[in-house]
Each structure stands twice: as C-alpha cells, then as structure tokens.
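Notes for the structure review
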Amino acid sequence: MNTDNWITAVLALRKAKHVVVFTGAGISAESGIPTFRDADGFWQRFPPEQFATWTGLLRTALTRPQLVAEFVLNVVEPIAKASPNAGHLAVAELEKHVKTSVVTQNIDGLHQSAGSTDVHEIHGSLLEVVDTSAAQVIRRFERNDLAQIAETLRQYATHQISLFSLLRQLRKEYPFDWLGRHRPNLVLFGDAMAEPAWTEARRVVDQCDLLLSVGTSGAVYPAAMLPDWAAGRGAAVVTIDPHPTGDCPLAGNAGTILPRLIGDAFGTAVTSNPDAGT
Ligand code: APR
C-alpha cells in the first residue's frame, strides 16, 4: 500500500464537505455476491450477449427456460442471503462525520440495509418491481421475499417442478402481468439509466469535493465517467480496489480499507503505517 496515497486519502476525507461514495460490485463481494468480471464473475459463467439484455433473456427463455431459471437463481439467491459487510457499514458510518451521498451501480440494496440514507441506485434495484408503462415502482420486496422466489427457481432448476408449476408459483410471489409491463426495476445493457437516481447522481457528483470510487472496474458507461467528471470539477478522487486503476489508488478489499480509512480520518491521528489498511 502506498503510504503517500493513504495519507492523501485520510487528509482529503478530513477536509471534505461533501463526499460521494461511488460503488460497484466489488463492495458487495465480501457479502457473498459475485462480481461481474472477476474470474468467478457472472459474465464468465453467463455470456452477457444472452443474459445482459431483456431481448437476450426472453430469446433464451423461449429456447432454454432451465438455463434462464439457473441464471436468475444465481442473481437472486446471493442477494436474498446477503447482509452488509464492513465496507457498507463504514460508508454508513461516514455519514456521521461528513455529508455523504452514495451512488451505486449495485442492485442489492445493501447500502440502505447498512444504514446509508442518501443512496442513488443508478442501475435500479432487484428489490423493486417497476410498471414500465407508468415508469413507476409498484412494489418493494424484503430480502425474505427474494428467498422464497429463489427457492421456487431452485425447484425448477433442479427438475423438481415443471415449467407450468414454476410460472404458477411465481405468479403468487411476483406481481407479473401478462403484458410484461411489470418487471424487476433493473437497468440492463441498452436500457436508459434509472431515474430519478441518475439525475440525482450527477447532481451530487457536481457538488462533491471528494469522490471515493470503490469496487468498480469502470467498464460500463455512462456510470464509469463519474470519477473523471468529479475530478474535472476539482474534486479529489480516491480509488479503492484490489487492482485499482484510478486516481490515488489504495489496493485492497473494501471491507478492510474503508473501516480503517474512516477510522484514521475521524479517529485521533493519521497512521503512518498504511499496511494497517490491508
Ligand atoms: N473490495 C473492493 N473491490 C473488489 C473486491 C473487494 N472485496 N472484490 C473485487 N473487487 C473489484 C474488482 O477488482 C473489480 O475492479 O470490484 C470490481 C468489480 O468489477 P465488475 O465486476 O466489472 O463490476 P462493476 O464495475 O460493478 O460492473 C459495472 O456492469 O455488468 C454491469 O450492470 C452491471 O453494474 C454493473 C456494471
């Protein structure tokens, strides 16, 4: 770990008036939710051409419903079982020290579960059902509801129930409508960003004087432009990731670095031993 970067990050946190914490899948990895592009990531196991667009999902569902059930099970179950880790909790703690806005690409709702109050989910939320015709969220699930849906999917994916039984059971657990207007409030490839989250995200990035970029590969736009956008407006940027590529890189896991960084910033003294952060 680079000592200078550590001290720069601690001092920037102390000085900040408004911090944006911009997060990706990496912050939830320690809660048991796979990332997308790491070795064991989703897109390694499920090709995005088939699974990252609504048309791809529908086309695959018509030909290989079992495979789509397996994919959805792999998305839903880890989120249903997840709880916030030390990284999410540290971000929620930060609010007690400085004005903090969370801009997340994650759909797992773990920042809110950790206690963060100003969260903008720019890729939507798996815990929400949207009525696409009214562009309105019509239902918000608890994690337990997702666990029930995951169990039903598992029964079908393991050939315990038929496709007909799966659809009949899911009708009870999920407010589908036959015209396909009701669906998970998710932004897939080619979709417009979630609103008002995206408008709010750009507003807080415009206003912040420090952006912490945590656990994102920066592979997906327009979200990936936010750190440069903040830097372009004169904000300091710190990047936290095991393989950081952005400004003021701090290499390591979010669940280890964030608690120590926030502890050092708002504790007594800046540690000169950045290895305490790994
Ligand atoms: N702590 C911090 N970062 C981590 C950790 C960890 N414990 N584990 C992995 N990472 C890092 C990886 O090194 C990588 O840089 O998290 C990043 C995850 O990158 P991606 O899998 O590409 O996820 P993300 O950047 O969130 O993807 C962006 O792409 O597939 C779409 O819509 C999806 O929101 C997603 C978007």
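Up top is the structure.
First, a word on scope: everything that follows refers to the structure included in this document. (Residues numbered from 1 in each chain as written. Predicted model: local features only at pLDDT ≥ 70, side-chain atom pairs only at ≥ 80, totals over all residues. Heavy atoms only, no water.)

Concerning the nonpolar core
In this structure, Phe51, Phe71, Leu126, Leu146 and Leu153 are the most contacted members of the largest nonpolar core, which totals 34 residues. Elements with a contribution of two residues or more to this core: α3 (42–45), α6 (65–81), β4 (124–131), α9 (143–157) and α10 (163–173). If one sorts the elements of this core by residue count, α6 sits on top with nine residues. Apart from residues lying up to four places away in sequence, phenylalanine 71 is in contact with Trp43, Phe46, Phe51 and Leu57. In terms of nonpolar packing, the next biggest core, distinct from the first, is built from 28 residues, Leu13, Ala90, Leu210 and Leu258 among them. (Core = buried A, V, L, I, M, F, W, Y, C linked by side-chain atoms within 4.5 Å. Buried < 20%, exposed > 50% of the residue type's maximum accessible area, 1.4 Å probe, protein only. Helix = DSSP H or I, 4+ residues; strand = E, 2+ residues; numbered from the N terminus. Contact = heavy atoms within 4.5 Å.)

Describing the packing of aromatic side chains
Counted under the stated rule, the structure contains eight aromatic pairs. Here tryptophan 43 and phenylalanine 189 contribute two aromatic rings whose centre-to-centre distance is 6.1 Å and whose plane-to-plane angle is 55°, an arrangement assigned as tilted. Residue tryptophan 43 is found in helix α3, and its partner phenylalanine 189 is found in the loop between β6 (182–186) and α11 (197–207); the two are separated by 146 residues along the sequence. Put simply, the rings of Phe36, Phe42, Trp43, Phe46, Phe51, Phe71 and Phe189 pair up and form one aromatic cluster. (Phe/Tyr/Trp six-rings, centres within 6.5 Å; stacked < 30°, edge-to-face > 60°.)

Considering the environment of leucine 212
By the secondary structure assignment, leucine 212 is in strand β7 (residues 210–214). Expressed as a C-alpha distance, the spacing of leucine 212 and leucine 258, which sit 46 residues apart in the sequence, is 9.8 Å. In contact with leucine 212, not counting residues within four places along its chain, are Val19, Val20, Val21, Phe22, Leu94, Val238 and Leu258.

Comments concerning the sheet that holds strand β2 (residues 99–104)
With parallel pairing, six strands are arranged side by side in an open sheet as β3-β2-β1-β7-β8-β9. Taken across any chain shown, the strands that pair with only one partner, and hence form the sheet edges, are β3 (119–121) and β9 (249–251). For this sheet, the mean inter-axis angle between neighbouring strands, taken without regard to orientation, is 15°. Judged from the five bridges that link them, β7 and strand β8 (residues 236–241) form a sheet pairing that is parallel. What sits directly across from leucine 210, in β8, is alanine 236. Relative to β9, helix α1 (residues 3–15) is tilted by about 115°, and along the sheet it contacts β1 (18–23), β7, β8 and β9. Along the sheet, α11 contacts β1, β2, β3 and β7; its crossing angle with β3, the most-contacted strand, is approximately 130°. (Pairing = 2+ DSSP bridges. Axes fitted to C-alpha atoms, helices over the stretch in contact; angles between N-to-C directions.)

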